[in-house]
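Listed below, chain by chain, are the residues.
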Amino acid sequence: MLSTLQPPRSLTLLPFRRLHGSKTIASLASSSPTLDASSVSPPQSQILTTRRSLLSGETTASEIAKSYLSRIRLTEPQLKCFLHVSENVLKEAQEIDQRISRGEEVGPLAGVVIGVKDNICTEGMPSTAASRILEHYRPPFDATAVKKIKEMGGIVVGKTNMDEFGMGSTTEASAFQVTANPWDLTRVPGGSSGGTAAAVAAKQCMVSLGSDTGGSVRQPASFCGVVGLKPTYGRVSRFGLMAYASSLDVIGCFGSTVADAGMLLHAVSGYDRFDSTSSKQDVPDFESQFLSMDSFESKPLKGVRVGLIRETLEEGVDSGVRSATQEAASHLEALGCLVTEVSLPSFSLGLPAYYVIASSESSSNLSRYDGVRYGNQVMADELNKLYDCSRGQGFGGEVKMRILMGTYALSAGYYDAYYKRAQQVRTLIRKDFKAALDHNDILISPAAPSAAYKIGEKKDDPLAMYAGDIMTVNVNLAGLPAIVLPCGLVEGGPSGLPVGLQMIGAAFDEETLLKVGHIFEQTLNGSGFVPPTLPNVA
Amino acid sequence: MATRALLAAVSACPRRRIGIKSSTFSSSLQFQRQESRIIARSFSSYTNSSLSLPDISRLAETARISLTPAEIEECEPKIRQVIDWFGQLQQVDVNCVEPAIRAEMEGGNLREDAPQTFENRDSIRASIPSFDETYLKVPKVLNKE
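Residues numbered from 1 in each chain as written. Chains lettered and ligands numbered in written order. Predicted model: local features only at pLDDT ≥ 70, side-chain atom pairs only at ≥ 80, totals over all residues. Heavy atoms only, no water.

A tally of regular secondary structure across chain A gives 16 helices and eleven strands. For a compact globule of 538 residues, the expected C-alpha radius of gyration is about 24 Å, and chain A comes in at 22 Å, within 12% of that figure. For chain A, the spread of C-alpha atoms along the principal axes amounts to about 70 × 55 × 45 Å. Burial analysis of chain A (538 residues in total) assigns 70% to the buried set. The long-range share in chain A, meaning contacts at least 24 apart out of those at least 6 apart in sequence, stands at 76%. Of the roughly 16200 Å² that chain A leaves accessible, carbon and sulfur atoms contribute 52%. Here chain A contributes 49 positive and 55 negative side-chain charges, whose respective centroids are spaced 1 Å apart. (Helix = DSSP H or I, 4+ residues; strand = E, 2+ residues; numbered from the N terminus. Rg over C-alpha atoms; globule rule 2.2 N^0.38 Å. Buried < 20%, exposed > 50% of the residue type's maximum accessible area, 1.4 Å probe, protein only. Contact = heavy atoms within 4.5 Å. Areas by Shrake-Rupley, 256 points an atom, 1.4 Å probe, with all protein chains shown as cover. Lys, Arg positive; Asp, Glu negative; His and termini not counted. Charge placed at Lys NZ, Arg CZ, Asp CG, Glu CD.)

Residues and elements named next belong to chain A. End to end, helix α3 (residues 61-79) covers 25 Å across 19 residues, agreeing with the expected 27 Å (1.5 Å per residue, within 8%). Its maximal kink placed at Arg-73, α3 deviates by approximately 30 degrees, while the proline Pro-77 follows within four residues. When α3 is considered as a whole, its buried residues turn out to be Ala-61, Ser-62, Ile-64, Ala-65, Ser-67, Tyr-68, Leu-69, Arg-71, Ile-72, Thr-75, Glu-76 and Leu-79. Against the buried residues of α3 lie α2 (46-55), β1 (82-85), α4 (89-101), β2 (113-117) and β3 (155-160). Positive phi appears at Lys-80, one or two residues downstream of α3, with a value of about 55 degrees. (Expected span 1.5 Å × (residues − 1). Bend = angle between axes of the 7 residues up to and from the residue.)

Residue and element names in this part refer to chain A. For Ser-364, the location among the structural elements is in helix α10 (residues 350-365). Under the relative-accessibility criterion, Ser-364 is labelled partly exposed at 46%. Measuring from C-alpha to C-alpha, the distance between Ser-364 and Thr-407 comes to 8.1 Å, with 43 residues separating the pair along the chain.

Residue and element names in this part refer to chain A. Applying the stated criterion to the full structure yields 19 salt bridges over all chains. Linking Glu-151 and Lys-147 is a salt bridge whose minimum nitrogen-to-oxygen distance equals 3.7 Å. Taken together, the positions of Glu-151 and Lys-147, both in helix α5 (residues 144-151) and four residues apart, correspond to about one turn of that helix. Using a relative accessible area of 58% as the deciding quantity, one classes Glu-151 as exposed. Between Arg-238 and Asp-275 there is a salt bridge; the shortest N-O distance is 4.0 Å. Of the two residues, Arg-238 is situated in the loop between β5 (227-230) and β6 (250-255) and Asp-275 in the loop between α8 (258-268) and β7 (305-309); the sequence distance between them amounts to 37 residues. (Salt bridge = Lys/Arg side-chain N within 4 Å of Asp/Glu carboxyl O.)

What follows covers the sheet that holds β2(A). All names here are of chain A. One open sheet accounts for eleven strands, arranged β1-β3-β2-β4-β6-β5-β10-β11-β9-β7-β8; its pairing is mixed. Every interior strand has two partners, whereas the edge strands, β1 and β8 (338-342), have only one. Along the sheet, successive strands turn relative to each other by an average axial angle of 30 degrees, direction set aside. Where β5 and β6 come together, three bridges link them in antiparallel fashion. In the sheet register, Leu-229 faces β6, and the bridge partner there is Cys-253. The strands that α3 touches are β1, β2 and β3; relative to β1, the one it contacts most, it runs at about 140 degrees. Along the sheet, helix α9 (residues 319-334) makes contact with β7, β8, β9 (442-446), β10 (482-490) and β11 (497-505), crossing β9 at roughly 150 degrees. (Pairing = 2+ DSSP bridges. Axes fitted to C-alpha atoms, helices over the stretch in contact; angles between N-to-C directions.)

Glancing now at the interface of chain B and chain A. With 83 residues of chain B at the contact, the number on the chain A side is 100 residues. At the surface where chain B touches chain A, the tally comes to one salt bridge. Linking Lys400(A) and Glu71(B) is a salt bridge whose minimum nitrogen-to-oxygen distance equals 2.8 Å. The tally of links between chain B and chain A comes to 19 residue pairs in polar contact (both at pLDDT 80 or more). When contributions to the side of chain B that touches chain A are tallied by element, the ones reaching two or more residues are α1 (4-12), α2 (28-44), α3 (56-62), α4 (69-86) and α5 (121-127) of chain B. Ranked by the residues each element gives to the side of chain B that touches chain A, the list is headed by α2(B), at ten residues. For the side of chain B that touches chain A, the residue count by class is 44 nonpolar, 23 polar and 16 charged. (Polar contact = N/O pair within 3.5 Å; in protein donor to acceptor, adjacent residues only side chain to side chain. Nonpolar A, V, L, I, M, F, W, Y, C, P; charged D, E, K, R; others polar.)

Looking now at the packing of α8(A) against helix α16 (residues 510-522) of chain A. Residues and elements named next belong to chain A. Contact geometry of α8 with α16 gives a least axis separation of 9 Å together with a crossing angle of 160 degrees. Taken as axis vectors, α8 and α16 run roughly antiparallel relative to one another. Only Glu-510, Leu-514, Gly-517, His-518 and Glu-521 of α16 make contact with α8, whose side of the interface consists of Val-258, Gly-262 and Leu-265. Grouping the constituent residues of the contact of α8 with α16 by class yields three nonpolar, three polar and two charged. (Parallel < 35°, antiparallel > 145°, perpendicular 65-115°, else oblique.)

Residues and elements named next belong to chain A. At a minimum axis separation of 9 Å, α10 and helix α13 (residues 416-439) run at an interaxial angle of 130 degrees. Taken as axis vectors, α10 and α13 run oblique relative to one another. For α10 against α13, the interelement crossing comes out left-handed. Each of Gly-350, Ala-353, Val-356, Ile-357, Ser-360 and Glu-361 in α10 lies in contact with α13, whose residues at this interface are Tyr-418, Tyr-419, Ala-422, Gln-423, Val-425, Arg-426 and Ile-429. Partitioning the contact of α10 with α13 into residue classes produces eight nonpolar, three polar and two charged. (Left-handed = near helix turned anticlockwise from the far one by under 90°.)

Our next topic: the UniProt feature "domain: Amidase" (unreviewed entry) in chain A. When the UniProt feature table is mapped onto this chain, "domain: Amidase" (unreviewed entry) is found at residues 63-514 of chain A. Helix makes up 36% of residues 63-514 of chain A and strand makes up 14%, while its end C-alpha atoms are separated by 31 Å. (UniProt positions renumbered as here; feature names shortened; annotations may be inferred.)

A word on the pairing of β8(A). The side chains of a regular strand alternate, residue by residue, between the two faces of the sheet. Residue and element names in this part refer to chain A. Examined bridge by bridge, β7 and β8 share five bridges and lie parallel to one another. Each residue of the ladder has a partner; that of Val-306, found in β8, is Val-339. Crossover β7 to β8 through α9 is right-handed. (Right-handed = clockwise from strand over helix to strand, strands pointing away.)

A few words now on the packing of aromatic side chains. Within a pair of aromatic rings, the relevant descriptors are the distance that separates the centres and the angle that separates the planes. Residues and elements named next belong to chain A. According to the stated counting rule, one finds 16 aromatic pairs over all chains in the structure shown. Between Phe-165 and Phe-395 the ring centres are 5.9 Å apart and the planes differ by 75 degrees, which places this aromatic pair in the edge-to-face class. Residue Phe-165 is located in the loop between β3 and α6 (194-201), and its partner Phe-395 is located in the loop between α11 (383-394) and α12 (397-410); the two are separated by 230 residues in the primary sequence. The two residues Phe-165 and Phe-395 agree in class, both being buried. (Phe/Tyr/Trp six-rings, centres within 6.5 Å; stacked < 30°, edge-to-face > 60°.)

Time to look at α12(A). The end-to-end C-alpha distance of α12(A) is 20 Å, a good match for the 20 Å that 14 residues give at a rise of 1.5 Å each. Taking burial as the measure, the 14 residues of α12(A) include eleven buried ones, the bulk of the element. Inspection of α12(A) places Val399(A), Lys400(A), Met401(A), Arg402(A), Ile403(A), Leu404(A), Met405(A), Gly406(A), Thr407(A), Tyr408(A) and Ala409(A) among the buried residues, and these make up the whole buried set. Buried-residue contacts for α12(A) involve α10, α11, α13 and α14 (462-467) of chain A together with α3 and α4 of chain B.

So this is what it looks like as structure tokens:
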């Protein structure tokens, strides 16, 4: 039986307007007029709403920016999502307003308030990867993804908190602060993009950019009740993303709706000559997936083949998560999908293979942080000691551990046993996914084995923390795209805790994920996924 | 990997409707027991590796990271536990399996081997802790032998 916290899920399609989606930006500031929700016919999207209300003159970029800044001021003491808030937000907003008033064209993200994870370089703004070794570091360039956002008129409101160098699943490994989950301030927001997810959940920004190496966008999306989109490896340029594991890292997108995450992805995708692993595949127009619900047929996903991964519903997965996933599968069936069970025999090997590969590659990638060309330097009388001390004092405990594990796995005599073997396991995992996706359009699973847990609960037990990544790491090993969207609530916290459904697609098939995700989301009956703990939530 | 009971429940259901109901929700304590089972399954499936255990001090020297004795004492059991857990990969049959460096990639993404001057050199210089004209200043290198 379902928890009494979950509203009864009707399997018929009602024209239900989700609470947080139907309100506009203007209603966040109490003094602004609230738009009539029934006049909003396009799909629920903060990006589209912003675009429309700026171009029609209903509001200005400056008003929007001010309301977000004041919301950040109000909520940051409790949440601590941001490591740095930009000093240029109002100036950039004013420039957009001036361009609009002069009748000049503005980009598709004009006025959109965007958070950026702190391991993504933003010129002139501190970018620390939440590490003391890069405290005060200001990059001399923007990451390509940031450059594209700015070219389209987006406003980077600040840099969000994370686990140091992406190593962690709770954001507790940040050298500077621990972010709280907006659904329950005693719980973790997930990681490593915890601050990034929480900021969107708490409406401190509209959308945000994170990074996903083993689930670092998808798991916090699940814990915070927002949409997290991990693109195919190579879809988005990694230039300017501080490398953790180069064969696994991607930049991903957070939004409060699938449409927003998809539109942000569209903005940052594409081949980049500065990233030799970026793909030359065409970027489809992701925006055209997002039809208004009024135009849905009665079985809008008729014929879509969905494979539910058997191994993700076994022992070790919280019963509330399992039932929310079953419910989501039923909902997809009601929309016309053909849902069957699939098996990925290599599934459980993904976790150790991932951690071997990630720690090995990170030991190499983090060797550049030596205190010589940038970052905090600990002076010494001899060069090697300078390296030892700068790194010893600059890196946190988890980072040091992973570097040492990686150093071990790559050393002479051990390389074949660990790293090469993990690469071979990666081939097996890729084959299993390919076989499953030859017979299915998408695969589904929970995003994590549980909802958000308490701060401090897993801090001293690395294997317990790693176990939480079981649902997500295989997707990075296979390089496939995946989206997580909230599908239900489980018991816990003041009003329940969100759980996310993960949908995995074939390589470069973000279109199908966004189409299915959008229709699933728009037809999901319920009260919307808005954290109850924060004041003045629209 | 699943318990027999769970497998039986799944196979008893009609193919399309995965009708597993649950009447309780986990407390965090229950989840801890559950997630320790994920790791326990992994632990039980490998034998002791013939490779020697990591020497943390030696690894720290290789990785150029200084660790205090307290730090070594704290991280050594954790690192050994994780490396031990990695050992289960030894059980996998990888005969004739090609290692995958990364996800499938297109080739031919190389650039011209020609240097280009970066336009914002001042900003790069501003980040250097010790800089003297065109040189980065570092302490001397002592030959250790």
